[in-house]
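Architecture and fold: a report
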Amino acid sequence: MRGARRIAGNIRNQEFARFASRTADLTRYTDEMTWVVILGTGAAFLIALLVNVLLAREAAMQARLAGERDEALAALTASNEELQSTSEELHQQTALAEEARQEATDILESIGDAFFAVDHDWRFIYLNDNAQPLLSRTREELLGVSIWEAFPDAVGTAFEREYRRAMREQVVVGLEEFFAPLGKWFQVRAYPSRRGLAVYFTDVTARVQAERSFRALAETMPQLVWSTRASGDGEYFNSRWREYISPTDARTNDGDWRAAVHPLDAGQDRARSAYAG
């Protein structure tokens, strides 16, 4: 009986010890889980807080970037509009300049005189169509070339002297001169310009030859032969005229021819001159 009680007590003690051990394990586990929950909750809060901070920062950065992007787009749009406006204005100015250039070209091409222009370095910058046959050169051959290189025989002539004087003194010059390499007489008017020198010229070879033929014939005639310009200035008087007026009277060559007429004949000559005019 005592043995049975001892065995039962041992079993009860073992069960109690086992229960106590389980209770202690459960308590320890519960405590550990409590700390895990506490620590986990704190970590989750910190993580959530950090995430919220990062999200807030990212949102602020996105907002700032969006604002900067909008400002950049607005500035770019304004710049594009300004650029387009400037481009359109430039296009209009270019069109107007081209129209003006074409109009000037049309005028220069329509005039009867030949025309060329040189810059301050004496390089050809323009020739109209009439100039090319008179100079016996094409536009392509002369543009960009110095006039003294293209026509070296002009160096030292009245052409060079008067052209340089026009450029140097900024005055209009005129001359009528023979240019042997081309076998032509030219009547020239040269005008200084902002870019250099503008030259209008005409081939007057036929007129000069006709005048020479006329004067050669007039010198063989026994009559008094003379001619004047529209202004009344003497242009030509044959030798018979000079002998009749005075061998030394220079008024037949320059000045009013009527000054060489006798006062008694002046009235009648004036009437004839007015009728002829």
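Everything in this summary refers to the structure shown in the same document. Per chain, residue numbering runs from 1 following the sequence as it is written. Given that the model is predicted, a residue must reach a pLDDT of at least 70 before its local features are reported, and side-chain atom pairs must reach 80 or more before they are shown or counted; all residues, however, enter totals for whole chains, interfaces and linings. Excluding hydrogens and water, the side-chain figures rest on all heavy atoms present in the structure.

1. Quick word on the packing of aromatic side chains
Centre distance within 6.5 Å is the pairing criterion for rings of Phe, Tyr and Trp, where only the six-membered ring of Trp is used; planes under 30 degrees apart are then read as stacked, over 60 as edge-to-face, and the remainder as tilted. For the structure on display, the rule yields 13 aromatic pairs. Ring geometry for F124 against F151: centres 6.5 Å apart, planes inclined by 70 degrees, an arrangement best described as edge-to-face. Placement of the pair is F124 in strand β2 (residues 124-127) and F151 in the loop between α4 (147-150) and α5 (158-169), with a sequence separation of 27 residues. Exposure classes here rest on a 1.4 Å probe applied to the protein chains alone. A residue is buried below 20% of its type maximum, exposed above 50%, and partly exposed in between. Judged by its relative accessible area of 2%, F124 is buried. Overall, F151 belongs to the buried group, its relative accessible area being 8%. Aromatic pair F178 and W185: ring centres 5.5 Å apart, planes at 50 degrees, arrangement tilted. Here F178 falls in the partly exposed class, since its relative accessible area comes to 36%. Site record: aromatic cluster; members linked through ring pairs are F116, F124, F151, F159, Y163, F179, F186 and F201. Two limits define a charge over a ring: the Lys NZ or Arg CZ must be within 6 Å of the ring centre, and within 35 degrees of the ring normal. In this structure, R137 is placed above the aromatic ring of F151, and the distance from its NZ or CZ to the ring centre is 4.8 Å. Strands here are runs of E lasting at least two residues and helices are runs of H or I lasting at least four, both read from the DSSP assignment and numbered beginning at the N terminus.

2. Overview of the pairing of strand β5 (residues 196-203)
Alignment of strand β1 (residues 114-119) against β5, held across 6 bridges, turns out to be antiparallel. Counterpart to V118 in the pairing with β5 is L197. Note that strand β4 (residues 184-192) and β5 share 7 bridges and pair antiparallel. Bridge pairing links F186 to D203 in β5. One bridge is not enough; two strands pair if DSSP finds at least two bridges between them. The antiparallel hairpin formed by β4 and β5 contains 3 residues in its connecting segment.

3. Things to note about the pattern of salt bridges
One side-chain nitrogen of Lys or Arg within 4 Å of one carboxyl oxygen of Asp or Glu is enough to make a salt bridge. Going through the model one piece at a time under the given rule, you end up with 9 salt bridges. In this structure, the salt-bridge partner of R123 is D121, at a minimum N-O distance of 3.4 Å. With its nearest N and O atoms 2.9 Å apart, the salt bridge here joins E160 to R164. With E160 and R164 both in helix α5 and 4 residues apart, this pair spans about one turn of that helix. On the basis of relative accessibility, which here comes to 14%, the residue E160 falls in the buried class. Overall, the relative accessible area of 31% leaves R164 in the partly exposed class. Put simply, E162, R165, R168 and E169 are held in one network by salt bridges that share partners.

4. Brief notes about α5
By this rule the span expected of a helix is its residue count minus one, scaled by 1.5 Å. For α5, spanning 12 residues, the distance from its first C-alpha to its last is 16 Å, which sits close to the expected 16 Å at 1.5 Å a residue. Burial in α5 covers these residues: A158, F159, E160, E162, Y163, A166 and M167. Elements that come into contact with the buried residues of α5 comprise β1, α4, β3 (173-179), β4 and β5. In what follows, a contact means two residues having at least one pair of non-hydrogen atoms within 4.5 Å.

5. Describing the sheet that holds β1
The 5 strands lie next to each other as β2-β1-β5-β4-β3, forming an open sheet whose pairing is antiparallel. A strand with exactly one partner marks an edge of an open sheet, and here the two such strands are β2 and β3. On average, each strand axis in the sheet is inclined to that of its neighbour by 25 degrees, with strand direction left out of account. Relative to β4, β3 runs antiparallel, the two being bridged by 7 bridges. Axis definition: a line fitted to C-alpha atoms, over the contacting stretch in the case of helices. Angles run 0 to 180 degrees between N-to-C directions.

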